[in-house]
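Examination of the molecular architecture
Chain by chain, the residues run as shown.
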Amino acid sequence: MTHDEILKGLFDNTILGKAVLVKELTQQGLDATLEPTEMLYKALLPALQEVGRRFELGDFFVPEMLLSAKAMQGALTLLRPLLAAKGDKSLGKYVMGTVKGDVHDIGKNLCNIMLEGAGFEVIDLGVNTSPEKFVDAVQKHQPDIVGMSAFLTTTMPMFKVTIEALKKAGLRDKVRVMVGGAPVTAQYAELAGADAYCPDASSTARKAKELIGATGAAPVGALADAVKAVEQMVSVAEPENK
Amino acid sequence: MNTFAALLTSEQIVRIHEASLEILENVGLLVRNAQAKEYLAKHGCRVDAEIIKFPRQVVEAARAAFPPTFTFYGREPKYDRTLPRDRPVIVTGSSAPNMLDPVTGKERRAYADDIARIARLIHELPGYDVFSISTLAEDAPLDRFTVTRLYPALKNCLKPIRCSALNPTDAAQALQLGALVAGSDAAYRERPFITHHYCPIVSPLTFDFDSTEMLIYFAEQGLPSFGSVVPNGGMSAPLTLLGTLTQGNAEFLAWTTLIQMIRPGTPIIYSSLPTIADMRRGAYSPGAIESGMLVMGMAQMAHFYNVPNGGYIGLTNSKINDAQSGYESGMSNVGALLAGADMFNLGGLLDALMCFDFAKAVIDDDIARMLKRMQRGFEFGEENFAFDDIAATGPGGMFIDRPRTYALMKETMYLSDIADRDARNRWQKQGALDTQARALKRVREILMSDQPSFISPDVDARIRAAFADLPAGECVPPKEWK
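Residue numbers run consecutively from 1 along every chain, following the written order of its sequence. In the order they appear in the text, chains get letters beginning with A and ligands get numbers beginning with 1. Reporting of local features is limited, given that this is a predicted model, to residues whose pLDDT is at least 70; pairs of side-chain atoms are given and counted only at 80 or more, and all residues count toward the totals for whole chains, interfaces and linings.

The helix and strand labels rest on DSSP assignments: H or I over at least four residues marks a helix, E over at least two residues marks a strand, and numbering proceeds from the N terminus. Within chain B, the secondary structure is distributed over 18 helices and 22 strands. Radius of gyration (C-alpha) of chain B: 23 Å, near the 23 Å computed for a compact globule of 482 residues. On the principal axes, the C-alpha backbone points of chain B span a range of 75 × 60 × 50 Å. Within chain B, buried positions represent 51% of all 482 residues. Residue pairs are scored as contacts if the distance between their C-beta atoms, which are placed from the backbone, is within 7 Å. Within chain B, counting contacts between residues at least 6 apart in sequence, those at least 24 apart form 75% of the total. Atoms considered for the radius of gyration are the C-alpha atoms alone. The globule rule reads 2.2 Å times the number of residues to the power 0.38. Exposure in this text rests on C-beta crowding, where 20 or more other C-beta atoms within 10 Å of a residue's own make it buried, 12 or fewer make it exposed, and counts in between make it partly exposed. The C-beta atoms are placed from the backbone.

Moving on, we come to the confidence of the model for chain B. The predictor attaches a confidence to each residue, called pLDDT, with possible values from 0 through 100. Residue-level pLDDT values for chain B average 96, and 100% of them are 70 or greater. Complex prediction metrics read pTM 0.91 and ipTM 0.78.

This next bit is on the environment of Asp365 of chain B. Residue and element names in this part refer to chain B. Within the element layout of this structure, Asp365 appears in helix 12 (residues 358-376). Note on Asp365: 26 C-beta atoms within 10 Å, which makes it buried. With 15 residues separating them along the chain, Asp365 and Leu350 place their C-alpha atoms 14 Å apart.

With that settled, the discussion passes to the interface of chain B and chain A. Counting residues at the interface gives 24 residues for chain B, matched by 20 residues for chain A. All residues other than Ala, Val, Leu, Ile, Met, Phe, Trp, Tyr, Cys, Pro, Asp, Glu, Lys and Arg, Gly among them, are scored as polar; the first ten of these are nonpolar and the last four charged. Residues of the side of chain B that touches chain A, tallied by class, amount to 12 nonpolar, six polar and six charged.

All names here are of chain B. Cis rather than trans, the peptide bond between Arg87 and Pro88 has omega equal to -5 degrees. You can see Pro88 is positioned in the loop between strand 5 (81-83) and strand 6 (89-92). Here the residue pair Ser203 and Pro204 is connected by a cis peptide bond, since its omega of -5 degrees sits within 30 degrees of zero. Locating Pro204 in the fold gives a position in the loop between strand 12 (201-202) and strand 13 (206-207). If you check the backbone angles, Ser95 has positive phi at about 55 degrees while not being a glycine. Here Ser95 is to be found in the loop between strand 6 and strand 7 (98-100). If you check the backbone angles, Leu205 has positive phi at about 55 degrees while not being a glycine. Structurally, Leu205 is set in the loop between strand 12 and strand 13. Owing to 22 C-beta atoms within 10 Å, Leu205 belongs among the buried residues under this scheme.

Our focus in this paragraph is the sheet that holds strand 15 (residues 232-233) of chain B. All names here are of chain B. Here three strands make up an open sheet; going across it, the order is 15-17-18 and the pairing mixed. Where the open sheet ends on each side, the last strands, each with one partner, are strand 15 and strand 18 (283-284). Here, strands pair whenever DSSP counts at least two bridges between them. Where strand 15 meets strand 17 (residues 275-278), two bridges bridge the pair, whose relative direction is parallel. Of the residues in strand 17, the one forming a bridge with Gly233 is Ile276.

Structure representation (structure tokens):
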């Protein structure tokens with residue numbers, strides 16, 4: 001395949017959300033000495049812009065958006081180390097978990113996809129995460145942000161309990177706390193003592209970057225552009241009530 | 001009414017049952033709760049690492065123990081409701097995170113005194129049979145989650161109460177409060193007027209920790225509780241109605257099998273909140289017609305199992321009491337009634353269960369009473385042909401002055417005081433109010449009238465002694481209304 005054929009294949013198949021093919025083509029591109037930045041700027045990013053445009057028109061539905069985002073992520077797993085070697089780095093560490101008593105995780109998992117897409121290293125504690133487990137993870141990983149998810153109105157009070165546990169362990173001022181989940185509101189997040197609330201996965205990635213901006217520099221260059229594109233694309237595709 | 005509408009043939013129902021058994025036997029469930037795992041393993045389920053698989057004969061044995069009725073107990077026998085005999089049993093929708101403030105119309109968190117007002121409204125509105133506590137209480141002291149909700153409810157409503165204690169400590173407090181109100185623990189257990197409800201299974205096919213624990217707890221205690229299955233097609237279930245129905249049915253069989261292992265013959269309800277996710281933006285869509293269709297399908301499955309059924313039905317995605325709210329609530333409710341749903345958790349919620357609204361509760365009471373009217377049906381009998389009226393009046397005559405017309409003028413028709421049927425000029429003279437305004441007027445009438453507590457002062461003193469830090473939970477009208 002010529003370079004142009006590879007680029008066209010990447011563009012078309014990212015739009016179609018064909019993750020396996022996109023990853024294969026990315027590898028083929030690298031084998032054929034295509035520059036990572038060229039694949040990003042000439043194929044992957046324009047493809048995502050096109051997906052975003054079609055979604056705005058109501059032409060593309062959520063599953064199509066997510067499949068394209070996943071295809072893009074597959075390519076990024078190959079490209080990220082190369083881009084990082086050129087001066088890009090991870091945005092920051094994000095410890096994430098569904099609170100104690102709650103095993104709902106679809107929304108949390110969507111957040112993880114978005115956060116990783118945005119360049120965060122995500123440490124996922126899974127579901128039914130006790131305050132002690134959050135505290136241990138914060139001690140161990142020293143993340144920039146800890147995120148908590150609750151789907152049940154009856155488990156939302158665990159936000160406050162977990163935040164109190166962080167305070168008690170002397171960790172509260174060392175980490176930013178974000179909360180979310182279907183029944184959660186900004187007002188509730190404030191009552192619970194969180195730093196930020198996000199209604200959906202894409203705004204989680206955006207808000208996390210904002211919070212990090214206050215404490216550390218965002219990466220520059222090609223990866224940041226790629227990340228921004230994934231984010232923009234999915235920001236409109238977000239499942240609203242999960 | 002003794003025939004039901006059907007979306008499925010009897011052969012299809014058997015196939016769905018078979019497919020559900022295949023799911024339980026071959027895919028199995030992830031069981032997080034250790035106690036549930038123990039019960040299931042002990043009674044013949046196969047443990048396959050993290051997954052528990054249900055052999056067909058285990059499920060069929062449990063099924064043979066399903067009792068055909070479920071009773072909600074009120075504080076007095078006249079408020080008792082037994083499914084399916086008393087169908088349609090109308091229940092409020094519960095545990096909304098927020099409410100619309102009745103004065104400002106703005107969305108906000110709810111407090112114990114809000115629960116008191118809601119409880120009083122539901123007590124007074126005749127369409128409702130059971131009060132499932134509509135909101136949380138933001139002012140609940142730490143570790144008083146459920147009693148803070150129950151106390152204002154019991155003070156202001158004699159109908160059966162439904163809520164969800166969080167854990168054994170929380171549940172013990174709820175039982176203690178019940179015993180204080182009933183006079184003794186024995187008296188409470190004789191007439192357990194609080195039913196607990198859970199979603200023990202998180203779709204797809206996962207028993208959770210805490211809700212499952214609580215369902216086991218109440219089954220062991222022999223106190224009324226039940227679970228709902230909540231598959232969401234496209235997200236936590238396949239994006240076909242048949243796939244969502246069948247997975248939900250398998251999930252129903254899973255939790256009821258567990259419960260029958262603990263105490264055979266424990267009353268259950270085939271309760272559900274099935275939805276399809278709107279793939280345009282992923283929205284959770286209980287107002288969609290497909291939710292109504294799924295409840296109809298589940299009613300058919302419940303009839304096959306000879307168990308009472310129902311669930312969250314007649315919900316809306318609308319944020320206000322507009323046409324969308326009316327037609328979404330109305331269409332699914334009628335479908336479910338005709339298909340034989342027994343229990344309707346329909347009252348008072350807007351915005352896909354996110355928000356309680358007083359006016360919506362009144363409008364849903366109107367819908368509930370229409371459903372009950374429909375349930376009465378044609379009251380078929382020789383007397384009701386009214387041949388004598390037809391013969392006496394004859395061609396070209398008028399029936400309005402017949403004795404039967406006089407006798408039945410308040411009975412034949414359900415006379416709604418929320419739906420407007422006046423002539424336009426009369427409607428204009430009376431302020432040209434819309435449904436929302438008329439409903440809120442009714443709320444005001446009820447809350448502004450004198451509302452003595454349903455808990456006597458001496459019992460109240462004992463409750464305050466046991467739980468000194470509880471918010472008062474008095475039913476007082478918002479101060480702006482005075």
